[in-house]
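Single-letter residue listing:
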Amino acid sequence: MFNLILFGPPGCGKGTQSTNILTTYQLNHISTGDLLRDEVSRQTTLGLEAKKFMDNGLLVPDEVVIGMIGSKIDGNRDARGFIFDGFPRTTAQAEALDNLLKEKNAAINTVLSLEVPEEELVRRLVSRGITSGRSDDTEEVIAKRIKEYFAKTEPVAGYYHSFQKLVRVPGNGSIEETFAILKKEIEKHISPA
Ligand code: B4P
């Protein structure tokens, strides 16, 4: 099983590149952002609670997100591997993920961190907000999300660096240029399916 984390700040292209990667390598995609937005749109208890955090640019509490991931991994036991997109976002989430995978005799193989300058992140997210209708893509909330990233999520890079799993990748080129760089890294581990 090949397990990849796409890591980086809001708007770095994790969701965009996941789409390319999962079709080329036949991996299962787990995006906590998508899972949470689905709960919000169905107005579940979890979704109504999560929305309060998301609309304020804050991370949703660890126990909520970790619970969602556990059931997703269990539901796809025969997968070739997983792309974790937007997860883990705290060191507690990273440790929980290691434990969940260990129970399945699996581990994270590589963490690809997309590096994009802050002004480009804001530009992309503001531009997405114009068409997406996402309530967290306003300039005010974007600023809070980036602050939350540097406070709580950036330290997760150090966690994976300590296991020699972190690879920093430039993410400010075009979508195609960035995908080509990611492919080179992924193909050190697996071939296209
Ligand atoms: P996410 O859904 O993960 O949102 P994101 O970080 O904004 O997205 P991403 O980096 O994937 O950007 P994208 O490719 O879409 O999280 C949303 C919220 O959910 C969080 O703020 C938090 O509240 C909550 N949450 C999620 N996971 C959580 C967790 N584990 N723990 C706690 N809370 C959690 O790209 C953005 C835009 O840029 C798009 O419009 C795209 O077209 C464009 N773009 C991408 N690549 C480009 C390129 N190379 N050039 C030009 N534009 C590009």
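Peer 1: Tell me about the site of the ligand, and name the residues and values.
Peer 2: Taken together, 30 residues lie around the ligand, and Gly-15, Thr-16, Thr-32, Arg-128 and Arg-145 are the ones closest in. Within the backbone of Val-60, an N or O atom sits 3.1 Å from a nitrogen atom of the ligand. At a separation of 2.4 Å, an oxygen atom of the ligand approaches a polar side-chain atom of Arg-145. Relative to its unbound accessible area of 1,000 Å², the ligand is 88% covered by the protein chains. Mapped by element, the contributors of at least two residues to the shell around the ligand are helix 1 (14-25), helix 2 (32-41) and helix 6 (118-132). With four residues, helix 2 is the largest single contributor of residues to the shell around the ligand. Of the residues contributing to the shell around the ligand, the split by class is twelve nonpolar, ten polar and eight charged.

Peer 1: I'd like a description of the nonpolar core, backed by residues and values.
Peer 2: General note: in soluble globular proteins, nonpolar side chains tend to be found buried as a group. Ranked by internal contacts, the top residues of the largest apolar core, which has 30 residues, are Ile-5, Ile-69, Ile-73, Phe-84, Leu-97, Ile-108 and Tyr-160. Secondary-structure elements contributing two or more residues to this core are strand 1 (2-7), helix 2, helix 3 (45-54), helix 4 (62-74), strand 3 (81-85), helix 5 (91-102) and helix 7 (139-161). For this core, the element with the highest residue contribution is helix 7, accounting for five residues. Discounting residues that sit within four places of it in the chain, Ile-108 has contacts with Asn-3, Ile-5, Phe-84, Leu-97, Asp-98, Leu-101, Tyr-160 and Lys-165.

Peer 1: Now, about the environment of Tyr-160: what can you tell me, with residues and values included?
Peer 2: Along the chain, the position of Tyr-160 falls in helix 7. Here the alpha-carbon distance between Tyr-160 and Thr-16, two residues 144 residues apart in the chain, equals 22 Å. Contact partners of Tyr-160, with chain neighbours within four places excluded, come to Ile-5, Pro-88, Ala-94, Leu-97, Ile-108, Val-111, Lys-165 and Leu-166.

Peer 1: An account of helix 3 is requested, with residue identities and associated values reported.
Peer 2: Of the positions making up helix 3, those classed as buried are Gly-47, Ala-50 and Met-54. Viewed end-on, helix 3 has its buried residues packed into an arc of 70°, placing them on one side of the element. Seen from the open side of helix 3, the exposed residues pointing more than 90 degrees away from its buried face are Thr-45 and Lys-52. Against helix 2 and helix 7 lie the buried residues of helix 3.

Thresholds applied
- Residues numbered from 1 in each chain as written.
- Predicted model: local features only at pLDDT ≥ 70, side-chain atom pairs only at ≥ 80, totals over all residues.
- Heavy atoms only, no water.
- Near = heavy atom within 4 Å.
- Polar contact = N/O pair within 3.5 Å; in protein donor to acceptor, adjacent residues only side chain to side chain.
- Areas by Shrake-Rupley, 256 points an atom, 1.4 Å probe, with all protein chains shown as cover.
- Helix = DSSP H or I, 4+ residues; strand = E, 2+ residues; numbered from the N terminus.
- Nonpolar A, V, L, I, M, F, W, Y, C, P; charged D, E, K, R; others polar.
- Core = buried A, V, L, I, M, F, W, Y, C linked by side-chain atoms within 4.5 Å.
- Buried < 20%, exposed > 50% of the residue type's maximum accessible area, 1.4 Å probe, protein only.
- Contact = heavy atoms within 4.5 Å.
- Arc of directions from axis to C-beta.

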